[in-house]
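# Reading the structure
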Amino acid sequence: MLLNIKNLHASINGKEILKGVNLEVNKGEVHAIMGPNGTGKSTLASVIAGREVFDITEGEVLYKGKNLLDLPVEARASEGIFLGFQYPVEIPGVSMTNFMRTAVNEQRKYHGLDPLPSGEFLRMMEEKKQMVEITAKLNNRSVNEGFSGGEKKKNEIFQMAMLNPTLSILDETDSGLDIDALRIVANGVNKLRGPENATVVITHYQRLLDYIVPDFVHVLYEGRIVKSGGKELALELESKGYEWIKDSL
Amino acid sequence: MEKEKNHILKEVTNSEYKWGFVTDIEMDTATVGLTEDTVRFISAKKNEPEFLLEYRLKAYKKWLEMEQPQWAHLKIPIINYQDIIYYAAPKKKKELSSLDEVDPALLETFKKLGISLDEQKKLSGVAVDAVIDSVSVKTTFTETLSKQGIIFCSFSDAVQNHPDLVKQYMGSVVPYGDNYFAALNSAVFSDGSFCYIPKGVRCPVELSTYFRINAANTGQFERTLIIADEGAYVSYMEGCTAPQRDENQLHAAIVEIVAMKDAEVKYSTVQNWYPGDKNGLGGIFNFVTKRGICKGSNSKISWTQVETGSAITWKYPSCILLGDHSVGEFYSVAITNNHQQADTGSKMIHLGKNTKSTIISKGISAGFSNNSYRGLVKIAKNATNSRNYSQCDSLLMGDKCGAHTWPYIKAENSSSIIEHEATTSKISEDQLFYCQQRGISTESAIGLIVNGYAKEVLNKLPMEFAVEAQKLLSISLEGSVG
Ligand SMILES: Nc1ncnc2c1ncn2[C@@H]1O[C@H](COP(=O)(O)OP(=O)(O)OP(=O)(O)O)[C@@H](O)[C@H]1O
Ligand SMILES: [Mg+2]
């Protein structure tokens, strides 16, 4: 099992957001997490990635069989956890090239590898850019600065492609994308899909799941996963709305 | 997690100055303290013409009447000016004609500093006038430059070989009575650099000096004079690292720049004097007066500085925009960490018509440090249609440091435009998390973010300096997350 979350409770400033989450993800699987606004989807993603503002009050998270909660954020990243941010952050003055070079090389260092030679790195940038069909001159632009909403989301998938993660958590990567961009992003994710890695997509729209077909769909509601099923659950949610979940609790 | 963060913070803000070492060289020193005799001793040692001795003595008398300024946002320990040795020179056995004759210990120092006086520098196109303690040991490139009529030599050599130029321009931008530290420097200055670019000549190389304080208890009083004649251009770089010392060392330099009609001078500094230890013990007191005058029309002076060192920095590189259409620029990154204090900024004095000035200041404070921007933009009545744009940004790391901005504006006509923008920010938790989530360590993340923040200024540095400066920024701030 790649990721095993057991009875996870997390709070911020004394307010409990996650109230006992259970989730199992195996290699090769795609999971979708849906749920109303403010129920804790992004919180769950942040806690897995290791964001320090949240306090873990109960439960455990195993990743590759080891206690994930012991690892600092950057070690989790180097161990293959990637978070596609719902709101990608701008870093003024830091070029995408410099940012990605630092990220790639620090991850290599973590694994005892030498830095990637400059030429090889730039070739990789070009190759991955094509994968997500980024045509704009990205390299010299500052990280996410002045990017449109859709460009920021594409940029997340581009970084995912560069870092080649084992577990990708994509938090509403589909929000704000036009139809073409949605297809491109989904294609990118599908190309990166393999038997050795897994993807968790957080989304509000069943539409994305037409492109990225999930093995499992979970409904996160008030800090708990209250319903799980196959991809048909997403369709059911779409037609019946969350009232249906509430009523069935 | 919070505990661990504090731990990292402590561990790295504790990082010791990485260029601390001491060279053992025989010194030829003045006795401790400052009297008229000291001034005469220095002048005699340097075999100076009468006018210079008179200048020094006038400055000394003026200095006696003055008091150390208190207006800066600095806590300055009491400096006992009678405890300082005002002149120290490496003992010369004889006139040096080649590198082989230079004291091997000195050469070793240069090596540690990464300065090579040999062919390598020639190949990289940098002429170096190296100042160790107070006397220039070796000047390279002088010959190549002199073919174009460029004079680039130690201040002492200029006094001997070009006394008329020295007499004409020294003190013309920073008069000896300008301020307490300028008066002190004018009385006891030891050596420094001199540069004259004749009419219409573009200096083909970046001129650079490396300064270094090396003798315990020895004050350093450098003096630099740069003159760009009509239509001339020069880019000048000054950089320094200093060895670790427990005693506080006083550094009061003067830099004067004169730009004639259509001339341009770029002056870049990377300042990395010993900042003191993590508890605020030791470190250099850096009281510098830097000023340029755009004397002719269409002339331009740019100051670019990266300030990471010194326990105390008191420094306001300024421009007097006398010529019509002249341009003054000031680009600064000032970092303070641990117990460092910096009060720095610029003065732009607009006197000519259609003059333009730009001030971009990026302050970064960490640890227990204090970092202040102090600036004056003055547009005189006759300086019609002039413009100034100032941008002063402060970045705070942690909650024990301080950042302050004191912009003074005096506009005496209504056709001019002054714009001022100021921001204060912290390295956001969001930015750090974003970097870390990509596998980037906290240290590197801070390095990235800070270099990004300072990019506008770093971009103004000559290539050789930019790389060094970027490293310095990261090193100076390692781990200071709040
Ligand atoms: N830094 C924070 N400080 C205070 N409250 C927070 C913080 N982050 C999240 N919360 C709260 O936690 C709850 C869950 O937020 P979260 O972002 O996880 O929701 P979400 O399910 O991702 O919602 P959405 O669908 O709108 O993205 C919300 O009530 C939110 O206000
Ligand atoms: Mg969310």
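Everything here concerns the structure above.
Residues numbered from 1 in each chain as written. Chains lettered and ligands numbered in written order. Predicted model: local features only at pLDDT ≥ 70, side-chain atom pairs only at ≥ 80, totals over all residues. Heavy atoms only, no water.

## What about the overall build of chain B?
We apply this condition: By definition, any uninterrupted DSSP run of H or I lasting at least four residues is a helix, any uninterrupted run of E lasting at least two residues is a strand, and each is numbered from the N terminus. The buried label applies to any residue whose accessible area, calculated with a 1.4 Å probe on protein chains only, is under 20% of its type's maximum; exposed applies above 50%, and partly exposed to all values in between. Here, two residues are considered to be in contact whenever any of their heavy atoms come within 4.5 Å of each other. Each accessible area is a Shrake-Rupley estimate made with a 1.4 Å probe; only the visible protein chains count as cover when residues are assessed.
Looking only at helices and strands, chain B has 13 helices and 24 strands in total. The buried share of chain B, taken over its 482 residues, is 62%. Contacts in chain B between residues far apart in sequence, at least 24 positions, make up 85% of those at least 6 positions apart. When the accessible area of chain B is evaluated, it comes to approximately 18,600 Å², of which 49% is carbon and sulfur surface.

## Focus on the state of the cysteines
Residue and element names in this part refer to chain B. Using the following cut-off: A pair of sulfur atoms, both from cysteines and within 2.5 Å, is called a disulfide here.
Across all of its chains, the model carries zero disulfides over all chains by this definition. Summary of cysteine pairing: Cys195 is not part of a disulfide, and the nearest cysteine sulfur, belonging to Cys203, is at 6.4 Å. Considering cysteine sulfurs only, Cys392 is the nearest to Cys401, which forms no disulfide, with 17 Å between them.

## Topic: the side chain of Asn388(B)
Residues and elements named next belong to chain B. The criterion, for reference: Identification of polar contacts relies on pairs of N or O atoms within 3.5 Å, with a donor-acceptor requirement for protein atoms, meaning one able to donate a hydrogen and the other able to accept it, and with residues adjacent in sequence counted only if both atoms are side-chain atoms.
Relative to the helices and strands, Asn388 is located in strand E22 (residues 387-396). Classification of Asn388 by relative accessible area gives buried; the value is 2%. In terms of polar contacts, Asn388 uses its side chain to reach the side chain of Ser357, at 2.9 Å. A distance of 2.8 Å separates the side chain of Asn388 from the side chain of Ser390, its partner in a polar contact.

## A closer look at the environment of Gly439(B)
Among the structural elements, Gly439(B) can be located in the loop between helix H10 (429-437) and helix H11 (442-453). Relative accessible area serves as the criterion here: at 4%, Gly439(B) is assigned to the buried category. The spatial distance from the C-alpha of Gly439(B) to the C-alpha of Glu468(B) is 25 Å, given a sequence separation of 29 residues. Those residues in contact with Gly439(B) that lie beyond four places of it in its chain are Glu74(A), Ala77(A), Ser78(A), Glu106(A) and Gln107(A).

## Thoughts on the coordination of the magnesium ion (ligand 2)
Inclusion rule: Sites may look incomplete because water is not among the atoms; the donors themselves are N, O and S atoms within 2.8 Å of the metal, or within 3.2 Å for Na, K and Ca.
Distances from the magnesium ion (ligand 2) to its protein donors, Ser42(A) (OG) and Gln86(A) (OE1), fall at 2.0 to 2.1 Å. Separated by 44 residues along the polypeptide, Ser42(A) in helix H1 (residues 41-49) and Gln86(A) in the loop between strand E6 (81-84) and strand E7 (91-95) bring together distant segments of the chain.

## Here's the deal with the pattern of salt bridges
Which entries qualify depends on this criterion: Salt bridge criterion: a side-chain nitrogen from Lys or Arg within 4 Å of a carboxyl oxygen from Asp or Glu.
On inspection of all chains with the given rule, the structure shows 24 salt bridges over all chains. With a closest N to O distance of 3.3 Å, Glu90(A) and Lys152(A) form a salt bridge. Placement of Glu90(A) in the loop between E6 and E7 and of Lys152(A) in helix H5 (residues 149-163) is noted, with a sequence separation of 62 residues between them. Lys152(A) gets classed as buried once you look at its relative accessible area, which sits at 17%. A salt bridge links Lys315(B) to Glu307(B); the shortest N-O distance between them is 2.3 Å. Accessibility expressed as a relative area gives 1% for Lys315(B), which makes it buried. We classify Glu307(B) as buried; its relative accessible area is 3%. Members of the salt-bridge network, linked through shared partners, are Arg51(A), Glu429(B) and Asp430(B).

## So, the side chain of Asn197(A)
Residue and element names in this part refer to chain A. Checked against the element boundaries, Asn197 lands in the loop between helix H6 (179-192) and strand E10 (198-202). At a separation of 2.9 Å, a polar atom in the side chain of Asn197 contacts the main-chain amide nitrogen of Gly194. Filtering out sequence-adjacent residues up to four positions away, Asn197 remains in contact with Lys27, Gly28, Glu29, Pro165, Thr166 and Leu192.

## Some words on the layout of surface pockets
Put simply, the rule is: Here a cavity denotes grid points, spaced 1 Å and computed from the protein atoms alone, that fit a 1.4 Å probe unable to get out, and a pocket denotes an open set having protein on both sides within 12 Å along at least 5 of 7 lines; residues with an atom within 4 Å of a point are the lining. Grid points are joined across faces, edges and corners, and a volume is the space filled by probe spheres set on the points. Polar here means any residue outside two lists: the nonpolar Ala, Val, Leu, Ile, Met, Phe, Trp, Tyr, Cys and Pro, and the charged Asp, Glu, Lys and Arg; Gly therefore counts as polar.
Counted as a void, the second largest pocket has a volume near 670 Å³. In this structure, the second largest pocket is lined by 27 residues; those nearest its centre are Asn98(A), Thr102(A), Ser444(B), Gly447(B) and Leu448(B). For the lining of the second largest pocket, the secondary structure elements donating two or more residues are helix H2 (73-78), E7 and helix H3 (96-110) of chain A together with H11, helix H12 (455-458) and helix H13 (463-477) of chain B. Tallied by class, residues from the lining of the second largest pocket come to eight nonpolar, 14 polar and five charged.

## A short note on the interface of chain A and chain B
The condition that has to hold: Once two parts are put together, the accessible area they lose, assessed with a 1.4 Å probe and summed over both, is termed the buried area.
Listed by partner, the interface residues are 35 residues for chain A and 21 residues for chain B. The contact between chain A and chain B buries some 2,400 Å² in all, and 60% of this surface belongs to carbon and sulfur atoms. Summed over the three residues of chain A that lose the most area to chain B, namely Arg51(A), Glu52(A) and Glu74(A), the buried surface amounts to 25% of that side. Our count for the contact surface shared by chain A and chain B stands at three salt bridges. Where chain A touches chain B, the interface holds 15 residue pairs in polar contact (both at pLDDT 80 or more). Looking at the side of chain A that touches chain B, the elements that each hand over two or more residues are H1, H2, E6, E7, H3 and H5 of chain A. With six residues, the single largest contributor to the side of chain A that touches chain B is H3(A). Looking at the side of chain A that touches chain B residue by residue, the class counts come to 19 nonpolar, 10 polar and six charged.

## Quick look at the site of ligand 1
Residues and elements named next belong to chain A. Worth spelling out the cut-off: For this purpose, a residue is taken to be near a molecule or strand whenever a single non-hydrogen atom of the residue falls within 4 Å of it.
Around ligand 1 sit 14 residues, and of these Gly38, Lys41, Ser42, Thr43 and His204 come closest. In the environment of ligand 1, an oxygen atom lies 2.5 Å from a nitrogen or oxygen atom belonging to the side chain of Thr43. A distance of 2.9 Å separates an oxygen atom of ligand 1 from a polar atom in the side chain of His204. Protein contact buries 64% of the 640 Å² of open area that ligand 1 shows by itself. Top contributing element to the shell around ligand 1 by residue count: H1, with three residues.

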